[in-house]
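Single-letter residue listing:
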Amino acid sequence: MTGDLINEPILVTGSYDHTIRVWHPYTSQCIRNMQHVDSQVNALEISPKRNMLVACGYQHIRLYDLNSNYPNVNFEGVTKNVTSVGFQEDGKWMFTGGEDGKVRIWDMNSPSPACKRIFDCQSPVYAVCLLPNQVELLMAHQGGGIYLWDVKSDQHDHLLPEVECSILDVAVSPNGMYMAAINNKGSCFIWTLTSWSGLPEQETQLTRSEAKLKIQAHDKYGLRCKFSPDSNYLVTCSGDGTARIYRTDTWTLHAELRIERYWMWDAAFNNDSKYLFTASSDSLARLWRIDTKTVEREYTGHLKAVTALAFRDEPVPISTTDVTGTGLSSTH
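Counting from 1, residues in each chain are numbered in the order their sequence is written. Only residues with pLDDT of at least 70 get local features here, since the model is predicted, and only at 80 or more are side-chain atom pairs given and counted; chain-wide, interface and lining totals rely on the full set of residues. Excluded from the side-chain calculations are hydrogens and water; all other atoms, namely the structure's heavy atoms, are used.

Per an unreviewed UniProt entry, the protein carries the name Target of rapamycin complex subunit lst8 and comes from Anopheles arabiensis. UniProt positions are given in the numbering used here, feature names are shortened, and annotations may be inferred rather than shown by experiment. According to UniProt, the comment filed for the protein under the heading Subcellular location (unreviewed entry) is "Cytoplasm".

Following this line, the structure appears as structure tokens:
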């Protein structure tokens, strides 16, 4: 893996075959095959600096240098399945959630990252999401609720959108306007968010949420929900073999991407929101062109279900004068 890949798109997939593969998304060439021994891969995330990869599995959190086949840090003290992981935008700390009911904050400033904070949801945690303000975490759990935790002030709140179900994923739009959650019945819930706007001397208040609508996104198990980088779309994935993309201005179905007989486990948009990567239980990852609903690339090599993926597109230039789009769109 060459050093200049730091400035190129990176696609990473994880599987039940206990391997992690790094791909060049333009060519579907596998450029690295990394071992993830003793466990399936539940979740993946590429660090903001694009040089490290964190992988979660059963009783494991491992940090890989993207230039190495083996992990250089194993995080200690976790039990059961670790289901979710993410980074604060500067990479100063990392968060994980798992079936032990704990959400952990890890200090990433030292060579041996340590757990600094723990929030106990008292129910298996399936998803954790950091709000754009980089201070509040949303934590979805088996009990059917979602906790909101301000890691700075330690305030927290709890939502229960529907009883007798489990929330499998939760997401916030990059513009901070919307929150989405999907449950094991295929229902997707949407809230509008309002950030606190008090005076500096006042005590900070939690972001407020107001229920907007419920979408019956799928007839079967809902697995993933994720907003596009431009906040214009929301994708939901399911055990029914589909990824469904909804417009956030009307909340109507924009596109349905379907495979036969398999589960659609994970998804990620590219920078300009015109393409979508998916991971599925037929051992494949795919790149779809959304407007034509066609598969542009297939990523083959895993031997079992692909259950997690992570994608970083080309770094977005600081200048906003170029509106021609970046990333995958320039290759087609």
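That was the structure; now back to the text.
Asker: Talk me through the nonpolar core; I want residue IDs and the actual numbers.
Answerer: L138, I146, V170, V172 and M179 are the most contacted members of the largest nonpolar core, which totals 16 residues. Every helix listed is a DSSP run of H or I at least four residues long, and every strand listed is a run of E at least two residues long, numbered separately from the N terminus. Looking at this core, the elements with two or more residues in it are β12 (125-130), β13 (136-141), β14 (146-150), β16 (167-172), β17 (178-183) and β18 (187-194). By definition, residues are in contact when any of their heavy atoms lie within 4.5 Å. If near-sequence neighbours (up to four positions away) are discounted, I146 is found in contact with L138, M139, A140, H141, D157, H158, L159, I167, V170, M179, A181 and W191. Side-chain atoms within 4.5 Å link the members of a nonpolar core, which is a set of buried Ala, Val, Leu, Ile, Met, Phe, Trp, Tyr and Cys residues. Only protein chains enter the calculation, and the probe is 1.4 Å; a residue is then buried if its accessible area is under 20% of its type maximum, exposed if over 50%, and partly exposed in between. With 15 residues, the next largest nonpolar core counts F75, V78, V82 and M94 among its residues.

Asker: Go over the layout of surface pockets with me, naming the residues and quoting the values.
Answerer: Cavities and pockets are defined on a 1 Å grid built over the protein atoms alone: a cavity is a set of grid points where a 1.4 Å probe fits but cannot escape, while a pocket is an open set with protein on both sides within 12 Å along at least five of seven lines, and lining residues are those with an atom within 4 Å of any such point. Grid points are joined across faces, edges and corners, and a volume is the space filled by probe spheres set on the points. One number sums up the size of the largest pocket: a volume of about 1600 Å³. Lining the largest pocket we find 49 residues, and of these E45, K226, F227, F311 and R312 sit closest to its centre. Those elements that place two or more of their residues in the lining of the largest pocket are β4 (43-46), β8 (82-87), β12, β16, β20 (222-227), β24 (264-269) and β28 (306-312). Nonpolar residues are Ala, Val, Leu, Ile, Met, Phe, Trp, Tyr, Cys and Pro. Charged residues are Asp, Glu, Lys and Arg, and all others, Gly as well, are polar. Broken down by class, the residue content of the lining of the largest pocket amounts to 29 nonpolar, ten polar and ten charged. For the second largest pocket, the calculated volume is near 380 Å³. In this structure, the second largest pocket is lined by 14 residues; those nearest its centre are N42, T83, Y126, L168 and W265. Along the lines of polarity and charge, the residues of the lining of the second largest pocket split into seven nonpolar, five polar and two charged.

Asker: Quick rundown of the packing of aromatic side chains? Include the residues and the values.
Answerer: Think of it this way: a Phe, Tyr or Trp ring, Trp meaning its six-membered ring, pairs with another when their centres are within 6.5 Å, and the plane angle makes it stacked under 30 degrees, edge-to-face over 60, tilted otherwise. Throughout the structure, instances matching the rule amount to eleven aromatic pairs. An angle of 35° between the planes, with centres 6.2 Å apart, marks the rings of F189 and W191 as tilted. The residues F189 and W191 share a single accessibility class, namely buried. Ring centres of F277 and Y299 lie 6.2 Å apart, and the angle between their planes is 45°; this geometry places the pair in the tilted category. Here the residue F277 occupies a position in strand β25 (residues 275-280), and Y299 occupies one in strand β27 (residues 294-299), the gap between them amounting to 22 residues. Owing to a relative accessible area of 1%, F277 belongs among the buried residues under this scheme.

Asker: If you had to explain the pattern of salt bridges to someone new, which residues and values would you point to?
Answerer: When charged atoms on two side chains of opposite charge get close, those side chains can pair. Salt bridge, as applied in this entry: a Lys or Arg side-chain nitrogen positioned within 4 Å of an Asp or Glu carboxyl oxygen. Counted according to the given criterion, the structure contains 14 salt bridges. Its salt-bridge partner being D266, residue K226 comes within 3.6 Å of it at the nearest N-O pair. Remark: D266 occurs in strand β24 and K226 occurs in strand β20; sequence separation between them is 40 residues. Judged by its relative accessible area of 26%, K226 falls in the partly exposed class. The salt bridge partner of R247 is D249, with a shortest N-O separation of 2.8 Å. Relative accessible area serves as the criterion here: at 31%, R247 is assigned to the partly exposed category. A cluster of three or more residues bridged by salt bridges with shared partners is formed by D169, R224, K226 and D266.

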